Amino acid sequence: MEETDVILLVGSSTREAHPIFFHHVIRGVRNGARLYVVDPRRTSTAAWADLHLPLHVGADIALANAIGYVLIEQGLVDHDFVRRATTGFDAWAASVQQYRPEDVEEVTGVPAAMVRKVAIDYGRADRGVICWTLGITEHHNAVDNVRALINLSLATGKIGRWGCGLNPLRGQNNVQGGGDMGALPNKFPGFQDVVDPVARARVRSVWGDIDRTPEKPGWHLTAMFDAMHRGDLRGLWIFGENPAQSEANSGHAIDCLKRLDHLVVQDIFLTKTAELADVVLPGTASWCESEGSVTNSERRVQRCRRAVPPPDGARDDIEILVETAKRLGVDLGIRSPHDAWEELRRVSPMHAGMSWERLEAEDGLQWPCPSEDHPGTPFLHARLWEDPVPGQRAPFAVVAWAPVAEPVDESFPLLLTTGRKLDSYNTGVQSGHLGAPLSRGEALEMGPGTAAEHGLTEGDRVRVSSRRGAVETVVRIDPHLRTGLVFMTFHHPDQVDTNLLTVDTSDPAAGTAEFKAAAVRVERLSPAPAS
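Bear in mind that the values here come from a model prediction, so they are computed numbers and not experimental data.

**What about the packing of aromatic side chains?**
What characterises a pair of aromatic rings is the spacing of the ring centres plus the angle enclosed by the ring planes. All chains considered together, the criterion is met by 10 aromatic pairs. Taken together, a centroid distance of 6.2 Å and an interplanar angle of 80° make the contact between Phe-22 and Trp-48 edge-to-face. Note that Phe-22 is positioned in helix α2 (residues 19-30) and Trp-48 in the loop between β2 (34-38) and β3 (51-53), a separation of 26 residues in sequence. Assessed through its relative accessible area of 5%, Phe-22 is described here as buried. Judged by centre distance (6.2 Å) and plane angle (65°), the rings of Trp-162 and Phe-379 are edge-to-face. Separated by 217 residues along the polypeptide, Trp-162 in the loop between α9 (142-156) and β6 (165-168) and Phe-379 in the loop between β14 (365-366) and β15 (394-395) bring together distant segments of the chain.

As structure tokens, then:
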């Protein structure tokens, strides 16, 4: 980020949602990089940008395809790279011909001149990075949104080189590590497919009994809630999550949790989800009370060391897992985090060279690191620049724009999008206990035009309703919000449960719900208090 020429942030209020990472963005800008921000709202991130592209919510694919159109039109495709390292270019190139920027202005909301400038600057730059977060992935077509951005990187050869690439910014500490360890329904540790016979044989050689090794992908989170609703999933063990307040259409999520025969919650707080549980297991605050490892957004595995003992009655997460397994008749053979890590190295080839001692001595290593003499990998996909390319070539994907799952209508004329604020964290379980000078509590943010149309002023109390529920809150005027678009966070669900409103229609592949677009209406309850 600090040594690139163009930074394209798409669907990411990076300064507020990823403030540490944003320091690296700013260093890149100060080193001469041009910053372009694609966001329906003019956020504090956009204030730092060379150009803010005010995209309509849900028009991400149309915009990415319009940028692709300009890359082709202006001769900015790296045809040597495309020919050697990719597949499917011709089909993609044909598909984006219907996305001429001037022809899709009404869909995207972005003036064609802006689209052309970003496309030309990105295409001409030697190095460029595309980053995205939940503004791209919390949609019913999340996977296609991401594929549309990948196409741009492949077309220009901005991948597999330092200062180039694609970066899905991780929203929480060690989210990357969770995926690495196999906390995905279709992967073993190290992102090995559960249906791959070679991976299955490797895992079986370490784990033993084949009957305990998954033979097919399991349910992702959304599918698990669907299974709870059907009655096919009867028991659930939740670690450090609060889905009663974090899931879209939270009323439905709570109903599903209540249907379970047995619910176990392992956490450090008595969350709203824990209040529904049959058993609550007090875990540890892993960042200071546990030994182990974490993996950050640049794939750097680092040691995490216990600084203080856990309070009386709380037990380390690994200890809880191992002891529960024993009571179920299985000895996992793990006595410490070190034992767990050594097992991982045997199961996951990309972690094989990361000994506990190396992690200690070198202050972390970046996977893949397949052997103990391997230095780690500072960036991915360098193989795409080898001739011939080893392994599979990178595929282009033909993706088409589709409108949001729930468009506005006469009954629900406003579009609600949700997001995060710098002062708070997720459902507020941790940050909500602390005073924050920046925090102003929850509100329905709207632009002056929307407020005027509805006869509302700053501080008015309103009821916000969707097809799934209703909440009450106050109005806050944001001069940068376009007419017809309103914004809320889900940081204060005990006061305003925003996720009662959100849409649980999800991407069929990823299972991510469409948090970013819900049709709502607003009714005034009482005027703002007199000052």
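**Digging into the environment of Ile-61**
One can find Ile-61 in helix α3 (residues 60-73). Those residues within four positions of Ile-61 in sequence are excluded, and the remaining contacts are Asn-141, Asp-144, Asn-145, Ala-148, Val-399, Ala-400 and Trp-401.

**Observations regarding the sheet that holds strand β10 (residues 262-267)**
Read from one edge to the other, the open sheet built from three strands follows the order β9-β10-β11, with strand pairing classed as parallel. One side of each edge strand has no neighbouring strand; the edge strands of this open sheet are β9 (235-239) and β11 (279-282). Direction aside, the axes of adjacent strands within the sheet are offset by 15° on average. As paired strands, β10 and β11 are joined by four bridges and run parallel to one another. Following the sheet pairing, Val-264 is matched in β11 by Val-279. Across the face of the sheet, helix α17 (residues 317-327) comes into contact with β9, β10 and β11 while running at roughly 155° to β9.

**A short note on the pattern of salt bridges**
A side chain of one charge can pair with a side chain of the opposite charge when the charged atoms of the two come close. Tallied over the full model, the rule gives 35 salt bridges. Across the pair Arg-116 and Glu-73 runs a salt bridge whose closest N-O atoms are separated by 2.4 Å. Linking Arg-116 in helix α7 (residues 112-124) with Glu-73 in helix α3, this pair joins segments that are 43 residues apart in sequence. Judged by relative accessible area, Arg-116 falls into the buried class, the value being 18%. Arg-524 serves as the salt-bridge partner of Asp-460, at 3.4 Å between the closest nitrogen and oxygen. Within this pair, whereas Asp-460 is found in the loop between α20 (448-453) and β18 (461-465), its partner Arg-524 is found in strand β21 (residues 518-526), the two being separated by 64 residues in sequence. Of the residues examined, Asp-460 reaches a relative accessible area of 1% and is grouped as buried. By relative accessible area, Arg-524 is classed as partly exposed at 46%. Sharing partners across several salt bridges, the network here consists of Glu-73, Arg-100, Glu-102, Asp-103 and Arg-116.

**Details of empty space enclosed by the protein**
Taken as a whole, this structure holds one cavity of 30 Å³ or more when the rule is applied. Approximately 60 Å³ is the volume found for the largest cavity. For the largest cavity, the full set of lining residues is Leu-8, Val-10, Val-38, Asp-60, Leu-63, Ala-64, Ile-67, Ile-136 and Leu-149. Broken down by element, the lining of the largest cavity gets its largest block of residues, four residues, from α3. In the lining of the largest cavity, the residues fall into eight nonpolar, no polar and one charged.

**Re helix α14 (residues 250-259)**
For α14, the complete set of buried residues consists of Ser-250, Ala-253, Cys-256 and Leu-257. Across the axial projection of α14, the buried residues extend over an arc of 115°, all falling on one side. Here the buried face of α14 lies against α12 (221-230), β9, α13 (243-246) and α15 (272-275).

**Notes on the layout of surface pockets**
Its volume calculated, the second largest pocket comes out at about 490 Å³. In this structure, the second largest pocket is lined by 26 residues; those nearest its centre are Glu-16, Lys-421, Arg-440, Glu-445 and Arg-476. Its residues assigned to classes, the lining of the second largest pocket comprises seven nonpolar, eight polar and 11 charged. There are two domains that each give the lining of the second largest pocket at least three residues, and those are domain 1 (6-169) and domain 3 (414-526).

**Digging into the domain arrangement of the protein chain**
In terms of domains, the protein chain is made up of domain 1 (6-169), domain 2 (175-366) and domain 3 (414-526). The distance between the C-alpha centroids of domain 1 and domain 2 comes to 34 Å.

**Topic: the sheet that holds strand β12 (residues 292-295)**
Overall, antiparallel pairing links the three strands, which are arranged β12-β13-β14 in an open sheet. Only two strands of the sheet have a single neighbouring strand rather than two, namely β12 and β14.

**Topic: the packing of α3 against α9**
Packed helix pairs are specified by the crossing angle of their axes together with the interaxial distance, meaning the distance between the axes. Contact geometry for α3 and α9: axes closest at 8 Å, N-to-C directions at 15°. What the angle tells us is that α3 and α9 run roughly parallel. Our pair here, α3 against α9, has a crossing hand that is left-handed. Residues Asp-60, Ile-61, Ala-64, Asn-65, Ile-67, Gly-68 and Leu-71 of α3 form the contact with α9, whose own contacting residues are Asp-144, Asn-145, Ala-148, Leu-149, Leu-152 and Thr-156. Taken together, the residues of the contact of α3 with α9 break down into seven nonpolar, four polar and two charged.

**Brief notes about unusual backbone geometry**
With omega at 0°, the peptide bond leading from Trp-367 into Pro-368 counts as cis. Locating Pro-368 in the fold gives a position in the loop between β14 and β15. The omega angle of the peptide bond from Asp-387 to Pro-388 is 0°, so this bond is cis rather than trans. Turning to its location among the elements, Pro-388 is positioned in the loop between β14 and β15. For Phe-191, which is not a glycine, the phi torsion comes out positive at approximately 60°. Within the element layout of this structure, Phe-191 appears in the loop between β7 (187-188) and β8 (192-193). Located in the positive-phi region is Asn-249, a residue other than glycine, with phi close to 50°. Mapped onto the elements of the fold, Asn-249 is located in the loop between α13 and α14. Asn-249 gets classed as buried once you look at its relative accessible area, which sits at 12%.

Calculation criteria
Residues numbered from 1 in each chain as written. Predicted model: local features only at pLDDT ≥ 70, side-chain atom pairs only at ≥ 80, totals over all residues. Heavy atoms only, no water. Phe/Tyr/Trp six-rings, centres within 6.5 Å; stacked < 30°, edge-to-face > 60°. Helix = DSSP H or I, 4+ residues; strand = E, 2+ residues; numbered from the N terminus. Buried < 20%, exposed > 50% of the residue type's maximum accessible area, 1.4 Å probe, protein only. Contact = heavy atoms within 4.5 Å. Pairing = 2+ DSSP bridges. Axes fitted to C-alpha atoms, helices over the stretch in contact; angles between N-to-C directions. Salt bridge = Lys/Arg side-chain N within 4 Å of Asp/Glu carboxyl O. 1 Å grid on protein atoms, 1.4 Å probe; cavity = no way out; pocket = protein on both sides within 12 Å on 5 of 7 lines; lining within 4 Å. Points joined across faces, edges and corners; volume = space filled by probe spheres on them. Nonpolar A, V, L, I, M, F, W, Y, C, P; charged D, E, K, R; others polar. Arc of directions from axis to C-beta. Domains from an automatic or database assignment. Parallel < 35°, antiparallel > 145°, perpendicular 65-115°, else oblique. Left-handed = near helix turned anticlockwise from the far one by under 90°.

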